[in-house]
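Chain by chain, the residues:
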Amino acid sequence: MRGTIALLAKNGNQIHVVIYTNDDKGSYDPDMTSERLARIRKSEEEAGNATIGIPSQNLLWLGHHDGMLEYVDSRAWWSR
């Protein structure tokens, strides 16, 4: 998938990425907080996308917590 996106960006297409969760779960570090993990993962996502030509302003973060998407009322989000 990243290879296709990188090729599209390289060929001048405007790419927008929608990220549903904030990646705040999944660390084995007992001292890691959800907030800190989300900041780290956001930084990693922005850096990874930048390497294939997608600027951070083209990333849309919906900010839902990991594991909670099934409880999100998607109609409420899209009606904003």
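Above this text you will find the structure in question.
Let me begin by describing the structure that accompanies this report. (Residues numbered from 1 in each chain as written. Predicted model: local features only at pLDDT ≥ 70, side-chain atom pairs only at ≥ 80, totals over all residues. Heavy atoms only, no water.)

This part covers the pairing of strand β1 (residues 17–21). In this sheet, strand β2 (residues 59–64) lies alongside β1 in parallel orientation, the contact comprising four bridges. Note that in β2 the partner of Val-17 across the bridge is Leu-59. This β-α-β element, β1 to helix α2 (residues 34–51) to β2, shows right-handed connectivity. (Pairing = 2+ DSSP bridges. Helix = DSSP H or I, 4+ residues; strand = E, 2+ residues; numbered from the N terminus. Right-handed = clockwise from strand over helix to strand, strands pointing away.)

Moving on, we get to unusual backbone geometry. Working note: non-glycine residues mostly have negative phi, and peptide bonds are mostly trans. Backbone geometry places Asp-23, a non-glycine residue, at a positive phi of 55°. On the accessibility criterion, Asp-23 (22% relative accessible area) is partly exposed. (Buried < 20%, exposed > 50% of the residue type's maximum accessible area, 1.4 Å probe, protein only.)

What follows deals with α2. Here α2 contains 18 residues, and its C-alpha end-to-end distance of 26 Å stays within 8% of the 26 Å for a straight helix at 1.5 Å per residue. Of all the positions in α2, only Leu-37, Ala-38, Glu-45 and Asn-49 are classed as buried. Projected onto a plane normal to the axis of α2, the buried residues spread over an arc of 100° and lie on a single side. In α2, the exposed residues that point more than 90 degrees away from the buried face are Arg-39, Glu-44 and Thr-51. In the core, the buried residues of α2 are packed alongside α1 (2–10), β1 and β2. (Expected span 1.5 Å × (residues − 1). Arc of directions from axis to C-beta. Contact = heavy atoms within 4.5 Å.)

For the rest of this paragraph, the subject is a nonpolar patch on the surface. Among the surface-exposed residues, Val-18, Tyr-20, Leu-60 and Leu-69 lie close enough to one another that they form a single nonpolar patch of about 330 Å² accessible area. Checked against the element boundaries, Leu-69 lands in the loop between β2 and α3 (74–78). For Leu-69, a relative accessible area of 38% puts it in the partly exposed group. (Patch = residues over 30% accessible without salt bridge, like charges linked within 9 Å, V, L, I, M, F, W, Y side chains within 5 Å. Areas by Shrake-Rupley, 256 points an atom, 1.4 Å probe, with all protein chains shown as cover. Salt bridge = Lys/Arg side-chain N within 4 Å of Asp/Glu carboxyl O.)

Let us now look at the pattern of salt bridges. Should their charged atoms come close, side chains of opposite charge can pair. Across all of its chains, the model carries one salt bridge by this definition. A salt bridge links Lys-25 to Asp-24; the nearest nitrogen and oxygen atoms lie 3.2 Å apart. Overall, the relative accessible area of 40% leaves Lys-25 in the partly exposed class.

Let us now look at the environment of Ser-56. In this fold, Ser-56 is placed in the loop between α2 and β2. On the accessibility criterion, Ser-56 (39% relative accessible area) is partly exposed.

So, on to the side chain of Thr-21. With respect to the secondary-structure elements, Thr-21 resides in strand β1. Under the relative-accessibility criterion, Thr-21 is labelled buried at 14%. Looking at Thr-21, its side chain comes within polar contact range of the side chain of Asp-23, at 3.4 Å. A polar contact of 2.9 Å, which involves the side chain of Thr-21, links it to the side chain of Asp-66. Those residues within four positions of Thr-21 in sequence are excluded, and the remaining contacts are Trp-61, His-64, His-65, Asp-66 and Leu-69. (Polar contact = N/O pair within 3.5 Å; in protein donor to acceptor, adjacent residues only side chain to side chain.)

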